[in-house]
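Each chain, written out:
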Amino acid sequence: MTVSGDHYEVLGVPRDADTKTIKNAFRQLARRYHPDTSTEPDAEQRFREIAEAYGVLSDPARRASYDARGSAGLAGATAEDLWGGIDFADIFGSGAAAFGSLFERLFWPPAAGRPRGQDVHLDLVISLDEVLTGGTQEVTIRRPGPCPRCAGSGSRPGTAPRRCPGCGGTGQRAVAGRHGPLMVRQVTTCPECAGRGRVIDHPCPACEASGRALREDKVTIRIPPGIPEGATLRLAGRGMPSPMPGGPPGDAYASIRTRADPRFTRAGADLWHDLHIQAPDAALGITAAVPVPEGQARVRVPPGTQPGSVLRVEGKGLPRYGGHGRGSLNLTVILDIPRQLSARQRQLYEQLQAEDAGRRSTAGGSREPDAPRSGRRITADASMRHAGGRGLITFASVLLLVTGAVNLVDGIAAITGSHILITNAHYMSGGLHAWGWIMTILSAMQLLAAAGVWAGNQLARWFAVAVVGLNATGQMFVIPAYPFWSLMITAADVVALWVLCAHGNRENPGAA
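Every value quoted in this text rests on a predicted model; they were computed, and no experiment measured them.

Rules behind the numbers
Residues numbered from 1 in each chain as written. Predicted model: local features only at pLDDT ≥ 70, side-chain atom pairs only at ≥ 80, totals over all residues. Heavy atoms only, no water. Buried < 20%, exposed > 50% of the residue type's maximum accessible area, 1.4 Å probe, protein only. Helix = DSSP H or I, 4+ residues; strand = E, 2+ residues; numbered from the N terminus. Pairing = 2+ DSSP bridges. Polar contact = N/O pair within 3.5 Å; in protein donor to acceptor, adjacent residues only side chain to side chain. pLDDT = per-residue confidence, 0-100. Contact = heavy atoms within 4.5 Å. Phe/Tyr/Trp six-rings, centres within 6.5 Å; stacked < 30°, edge-to-face > 60°. Axes fitted to C-alpha atoms, helices over the stretch in contact; angles between N-to-C directions. Salt bridge = Lys/Arg side-chain N within 4 Å of Asp/Glu carboxyl O.

**Q** Is there a simple way to think about the pairing of strand β1 (residues 120–126) in this case?
**A** For a regular strand, side chains alternate in direction, first toward one face of the sheet and then toward the other. Only one face of β1 is buried, namely the one carrying Val120, Leu122, Leu124 and Ile126, since none of His121, Asp123 and Val125 on the opposite face is buried. Direction of pairing for β1 relative to strand β9 (residues 252–258): parallel, over a ladder of seven bridges. Bridge pairing links Ile126 to Thr258 in β9.

As structure tokens, this is what we get:
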């Protein structure tokens, strides 16, 4: 034991102070200089002096010897002699366990060979905001600790363990022997105290001499900014206690896990976010509002941005752990294709498609004219748009109008018996008179069909095919009477049929 100064001065009490005054002085000074909480630079040394002074002055016999002979009266006193009988619960109340473990750590250092306690591993889930700014989290570690009733001594309150006479408090026993010319020294665990170095004559009924009780420790963990995913923080001495008194406790290790965030995906110090935009925005460019860890920011999407492109925003990621600056925010461009279109939207998209098809056909290239960008080949119904466009539609409609008008005039002439202005002739009565009614009806239907073809109506196209076919067949009956005009009209009907069948259009791309 090391004597440091005058014990009365250390505690700040007069030499005639009673036991209660000495206890109160020790309680106040011990709380002030507790090494784990005090901010004083020499807290541990001052705590040792305070504890040593109280150990001497709290015992009447040792105090009398100290008053009579000074430091010489304490020669040979050990830590067990001074503090083994201290009732920490009586002095510190609810804080007795903390002071008991502190005394064990400072004044009963672990003996060589005593096993270390097991480590404790736990997962600490933190938010992205905590990664950004850092912070603290309080966790609960459930582990055995000093018994609050006996302050970890294992002895009944009011009694103290005694030093093992077999090993002198070391917990080990050395046995020396000679084997021939060699002297062999073997160190074994002391069988009398099982390596504890102390013998408990009066066990504590609460912990049955183990000195341990299950408790929950609140531990505050400091989280540095930018801590990586999966990093491990070490909490020294916060693990399981040693299975033997005096042995060092284990450590606690907290593995960091980042809680999933609906806004971002974390990749080290970088963040990733899917930026959804519309097709016009990708083509023309747009200034979009995007989330950042602190809130929102505005990012310019340049014109012509392609799906799957990545826009990098420097300095909007997470802090770089142990470094300088911050990572990047990476925006993956996702193109949203509308599933349903209004009539106006469909019209505008069709105009863009037609113009794009025209540019592709004039620009050439390895891609076939009838194959759109998606790779799906265009059907025959849509080929007119790419092969002839508006010109074939106009040509087919004019043929239908001309032949329909001529047939209508012929039919009316056959019904009324009038001269036909176009052919300068007239139909005879009888069978041709009845046929005139048929021609008139079919011609009127053809004129209506021609208007539908001009408007780009699919049903009108197929209706025109049927009507023109019947009209062309009807012209065969008047070829003997009017061979020139009938042959010309029949030829025009055949050409119109070929255009409608071979180069029919799905819709009129030029219709407004």
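**Q** How do you make sense of the side chain of Asp217 when you look at a structure like this?
**A** Its location among the elements puts Asp217 in strand β7 (residues 212–223). Of the residues examined, Asp217 reaches a relative accessible area of 11% and is grouped as buried. A distance of 2.7 Å separates a polar atom in the side chain of Asp217 from a polar atom in the side chain of Arg143.

**Q** Quick question: what am I supposed to make of the confidence of the model for the protein here?
**A** Low pLDDT marks regions whose predicted coordinates should not be analysed in detail. In the predicted model, the protein carries a mean pLDDT of 75, and 70% of its residues have values of at least 70. Counted against residues more than four places away or in other chains, residues 365–389, with its pLDDT under 50, gives 41 contacts. Contacts from residues 504–512, a stretch scored under 50 in pLDDT, to residues over four places away or in other chains number 33 contacts.

**Q** What exactly am I supposed to notice about the packing of aromatic side chains here?
**A** The description of two aromatic rings rests on the distance between their centres and on the angle between their planes. Scanning the entire structure with this criterion turns up two aromatic pairs. Between the aromatic rings of Tyr8 and Tyr66, the centroid separation amounts to 6.3 Å while the plane-to-plane angle is 35 degrees, which identifies the pairing as tilted. Within this pair, whereas Tyr8 is found in helix α1 (residues 7–11), its partner Tyr66 is found in helix α4 (residues 60–69), the two being separated by 58 residues in sequence. With relative accessibility at 7%, the residue Tyr66 sits in the buried group. Measuring from ring centre to ring centre gives 4.2 Å for Phe26 and Tyr54, while their planes differ by 10 degrees; the resulting arrangement is stacked. Of this pair, Phe26 sits in helix α2 (residues 19–32) while Tyr54 sits in helix α3 (residues 43–57), placing them 28 residues apart in sequence. Across the pair, exposure class does not vary: Phe26 and Tyr54 are buried alike.

**Q** Got a minute to help me understand the sheet that holds strand β11 (residues 270–278) in this structure?
**A** By way of backbone hydrogen bonds, the strands of a sheet pair with one another, either parallel or antiparallel. One open sheet accounts for four strands, arranged β10-β11-β15-β14; its pairing is mixed. Where the open sheet ends on each side, the last strands, each with one partner, are β10 (265–267) and β14 (310–313). Adjacent strand axes in the sheet meet at a mean angle of 30 degrees when their direction is disregarded. Pairing of β11 with strand β15 (residues 329–336) involves eight bridges; the strand directions are parallel. Bridging across to β15, Ile277 finds its partner in Leu335.

**Q** Before we go on, may I ask you to explain the pattern of salt bridges in this structure?
**A** Pairing between side chains of opposite charge can happen when their charged atoms approach one another. Taken as a whole and judged by the stated rule, the model has 11 salt bridges. Between Arg116 and Asp119 there is a salt bridge; the shortest N-O distance is 2.9 Å. In this structure Arg116 comes out as partly exposed when scored by relative accessible area, which is 40%. Here Asp119 falls in the partly exposed class, since its relative accessible area comes to 30%.

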